[in-house]
Amino acid sequence: QVQLVESGGGLVQAGGSLRLSCAASGRTFSSYAMGWFRQAPGKEREFVAYISKSGGSTYYKDSVKGRFTISRDNAKNTVYLQMNSLKPEDTAVYYCAANRVFTTATTYEYWGQGTQVTVSS
């Protein structure tokens, strides 16, 4: 069992930055690949970024490449999402998720409760 708790969301102006954190419980954090997803009002939840168990591989949604960076610290059981050059269309609830294997689908095994990111124009 893995419990995930996101933090770091908030209100920021367009062009600004935020860093989201996701703290995981349990001793098996390094056994899971991690993903960040987001869901805007009235839209389906979508994949944003992925990082492998060791942190050696990452993958991003095209629209966030070059602006967002996913990273993890297995010693701290934490995964991060650094978001720069934010745009109003990045506004959404952001979720972290844990899974045994890589996928961009919303079929991850464990999910956090989400943190709101609002980007004003």
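Scroll up to find the structure this text is about.
**Student:** Help me understand the pattern of salt bridges, please; the structure alone is not making it clear to me.
**Tutor:** Side chains that carry opposite charge are capable of pairing whenever their charged atoms lie near each other. For the structure on display, the rule yields 5 salt bridges. The partner of Asp90 in a salt bridge is Arg38, with the nearest N and O atoms 2.9 Å apart. Taken together, the residues span a long stretch of sequence, with Asp90 in the loop between β8 (78–83) and β9 (92–99) and Arg38 in strand β4 (residues 33–39) at a distance of 52 residues. The exposure classification of Asp90 matches that of Arg38, with both residues buried. Salt bridges sharing partners connect three or more residues here, namely Arg38, Glu46, Lys61, Arg67 and Asp90.

**Student:** What's the story with the pairing of β4 in this structure? I'm lost.
**Tutor:** For a regular strand, the rule is simple: side chains alternate between the two faces of the sheet. Taking burial as the measure, the 7 residues of β4 include 6 buried ones, the bulk of the element. Here β4 runs beside β9; their pairing, made up of 7 bridges, is antiparallel. Counted as the bridge partner of Met34 is Ala98 from β9. Across 5 bridges, β4 lies against strand β5 (residues 46–51) in antiparallel orientation. Within β5, the residue paired with Trp36 across the bridge is Ala49.

**Student:** Looking at this structure, I do not really get the sheet that holds strand β1 (residues 4–7). What am I missing?
**Tutor:** Strands in a sheet are paired, the pairing made by backbone hydrogen bonds, and the direction either parallel or antiparallel. Reading across from one edge, β1-β3-β8-β7 is the order of the 4 strands in this open sheet, with antiparallel pairing throughout. Of all strands in the sheet, those with a lone pairing partner are β1 and β7 (68–73), marking the two edges. On average, adjacent strands in this sheet sit at an angle of 15° to one another, irrespective of strand direction. Sheet topology note: the β7/β8 ladder contains 6 bridges and is antiparallel. Among the inter-strand pairings, Thr69 is bridged to a residue of β8, identified as Gln82.

**Student:** Please clarify how the pairing of β7 should be interpreted in this entry.
**Tutor:** Here β7 shows a buried face lined by Phe68, Ile70 and Arg72 and an unburied face lined by Thr69, Ser71 and Asp73. The antiparallel hairpin formed by β7 and β8 contains 4 residues in its connecting segment, where Asn77 sits at a positive phi of about 55°.

Conventions and cut-offs
Residues numbered from 1 in each chain as written. Predicted model: local features only at pLDDT ≥ 70, side-chain atom pairs only at ≥ 80, totals over all residues. Heavy atoms only, no water. Salt bridge = Lys/Arg side-chain N within 4 Å of Asp/Glu carboxyl O. Helix = DSSP H or I, 4+ residues; strand = E, 2+ residues; numbered from the N terminus. Buried < 20%, exposed > 50% of the residue type's maximum accessible area, 1.4 Å probe, protein only. Pairing = 2+ DSSP bridges. Axes fitted to C-alpha atoms, helices over the stretch in contact; angles between N-to-C directions.

Honestly, it's all geometry; don't read function into it.
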